[in-house]
Amino acid sequence: MASDGFLDSEDEGGDDALLALAIAGSGTGIWDRDIRSGVIHYSRAWKAMLGYAEDEITNRIEDSYTRVHPDDLQMVKARIEAHLLNHTPMYEVEHRLRCKDGRYKWVLSRGKVALRDANGNALRMAGVTTDITDTVALSEKLRQSAELLTSLTDEIPGVVYQYSETPDGRKCFPYASAGIADIFGTTPQRAADSAASVEAAIHPDDFDSYRASLALSASTLERWHLEFRVVLPVFGERWCQGDARPHRLPDGGTLWYGFIADITERKHIEAALRDAASTDFLTGLPNRRHFMARMEQELARVQRDGRVRNTVMMFDLDHFKLINDLHGHAAGDEVLKHFARMLHQELRKVDAAGRIGGEEFAVVLAGADTEHAQAFAERVRGRLAALPVRVGVHTINVTVSVGVAAMRPLDLSINSSLSRADTALYHAKELGRNRIEMAPE
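Residues numbered from 1 in each chain as written. Predicted model: local features only at pLDDT ≥ 70, side-chain atom pairs only at ≥ 80, totals over all residues. Heavy atoms only, no water.

Attention now goes to the overall build of the protein. The number of helices and strands found in the protein is 15 helices and 17 strands. Here the C-alpha radius of gyration of the protein, 44 Å, is well above what a compact globule of 441 residues would show, namely 22 Å. Counted over contacts in the protein with a minimum sequence separation of 6, partners at least 24 positions apart contribute 54%. Accessible area for the protein stands at about 23,900 Å²; split by element, carbon and sulfur atoms hold 54% of it. Within the protein, one finds 53 positive and 65 negative side-chain charges whose respective centroids are separated by 6 Å. (Helix = DSSP H or I, 4+ residues; strand = E, 2+ residues; numbered from the N terminus. Rg over C-alpha atoms; globule rule 2.2 N^0.38 Å. Contact = heavy atoms within 4.5 Å. Areas by Shrake-Rupley, 256 points an atom, 1.4 Å probe, with all protein chains shown as cover. Lys, Arg positive; Asp, Glu negative; His and termini not counted. Charge placed at Lys NZ, Arg CZ, Asp CG, Glu CD.)

Here the focus is the side chain of Asp318. Within the element layout of this structure, Asp318 appears in the loop between strand E11 (311-317) and helix H12 (320-327). Of the residues examined, Asp318 reaches a relative accessible area of 3% and is grouped as buried. At 2.9 Å, the side chain of Asp318 forms a polar contact with the backbone nitrogen of Asn434. Excluding anything up to four places from it in sequence, Asp318 contacts Ile323, Thr399, Val400, Ser401, Lys429, Arg433 and Asn434. (Buried < 20%, exposed > 50% of the residue type's maximum accessible area, 1.4 Å probe, protein only. Polar contact = N/O pair within 3.5 Å; in protein donor to acceptor, adjacent residues only side chain to side chain.)

Here the focus is the side chain of Thr254. By the element assignment, Thr254 lies in strand E10 (residues 254-262). Owing to a relative accessible area of 5%, Thr254 belongs among the buried residues under this scheme. A polar contact is formed between the side chain of Thr254 and the side chain of Arg248, at a distance of 2.7 Å. Beyond its immediate chain neighbours, meaning those up to four positions away, Thr254 contacts Tyr163, Ser164, Glu165, Ala218, Pro246, His247, Arg248 and Leu249.

This part is about the pairing of strand E8 (residues 224-232). Across 9 bridges, E8 lies against strand E9 (residues 236-248) in antiparallel orientation. Bridge pairing links Glu227 to Gln241 in E9. Counted along the chain from E8 to the antiparallel partner E9, the turn is 3 residues long. (Pairing = 2+ DSSP bridges.)

Moving on, we get to the nonpolar core. Counting 32 residues, the largest nonpolar core has Met313, Phe315, Leu317 and Leu343 as the members making the most contacts within it. Per element, the largest residue contribution to this core is 7 residues, and it comes from helix H13 (residues 329-346). One finds Val198, Ala218, Leu226 and Ile260 within the second-largest nonpolar core, a separate group that totals 25 residues. (Core = buried A, V, L, I, M, F, W, Y, C linked by side-chain atoms within 4.5 Å.)

A word on the environment of Glu56. Secondary-structure assignment places Glu56 in the loop between helix H2 (44-49) and helix H3 (61-66). Distance in space between the C-alpha atoms of Glu56 and Lys100 is 9.2 Å, their sequence separation being 44 residues. Ignoring anything within four residues of it in the chain, the contact list for Glu56 reads Gly51 and Lys100. Only 2.7 Å separates the side chain of Glu56 from the backbone nitrogen of Ala53, close enough to count as a polar contact. Engagement of the side chain of Glu56 in a polar contact is seen with the side chain of Lys100, the distance being 2.8 Å.

For the rest of this paragraph, the subject is the packing of aromatic side chains. Taken as a whole and assessed by the stated rule, the structure comprises 12 aromatic pairs. Ring centres of Phe184 and Phe228 lie 6.4 Å apart, and the angle between their planes is 15°; this geometry places the pair in the stacked category. Remark: Phe228 occurs in strand E8 and Phe184 occurs in helix H6 (residues 180-184); sequence separation between them is 44 residues. By relative accessible area, Phe184 is classed as buried at 3%. (Phe/Tyr/Trp six-rings, centres within 6.5 Å; stacked < 30°, edge-to-face > 60°.)

This is the structure in structure tokens:
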């Protein structure tokens, strides 16, 4: 049979010999099988590929099956049978073959029936076997690396991702770690098809800045950085921070590599710190610094438009030191909180109040003249007198003195109106306390 085919070419000169050398150097061997007799011939390169000498392998097909890895044998036989029955255009399979030293090599076997009888029965089949051990090992190494990378990114709180925008406007996430479910409430598969499920989760008030920031990053290829909110059915409103590096693609599109983290807790902490920096810890009212900043804003309004009427009031709890001395500082704290709640209940949204000192409080009424301010102060004074503070078994009657002054367009600073209100407050205390005094207009 070998005299009819190309297997003898390894021993011949000329072009056939060169071809045989090229095939041998490629890690490929040739085989030629007579279907009816069960005889199969192997080229020298085929035998050498498995470490065998020329005379160390039989030419029986049943012997060839003993070299196939047991786990691959049924698959190999099934693929051969399918092609012999003409169910497939060719025979092709990756499997393992045992070498002379007992080790297994991964090979790719390809073959085709070269001759059939009049009834279509296969008579002769020829093909090649290529050593792909290194390729399979590299593929396995890459697979393991990809699995490791996926496992690592899936364990990171947040989402590691690629984001793509094509020139025709198609947007998607070619890769997204499992954390996309926590951040945007979608799956990597849905995000890979389209970015729509991600964009649907972005807070409506932040969507325009989200799209604008990406457009700017795409045009300048500068790093994308944005803090934005998402709204999820289960978790509600959450804060996210996105960071990514854009790259221009050959087709003119843009591909970002980035990371998006949930920063909701950080935002809550920041808000708490802002509140702590601007709020009096005992009463919950704005502290002196924050209240003064608000007064600066209101004075600026009066100075811009002389028709604006703003009024400042100073409140001082009467005989507060005596309350501390008789009932203790804890009772004094309860009195301060009681008055702060009462004051806050009388404020409109446009007004502001603050604790200025120990028992001193200030209020600025926006858009209100001194007449309205006097009515406001009278309501607070009356309610406080009518609602004593109860601390344990003790009932503490509390009164307050008030000084009222209008802001003026010619005031050089907020200290001007505060000073006038403070002077009016001093007069109220001189005149017997538990009363309201107005500064001159």
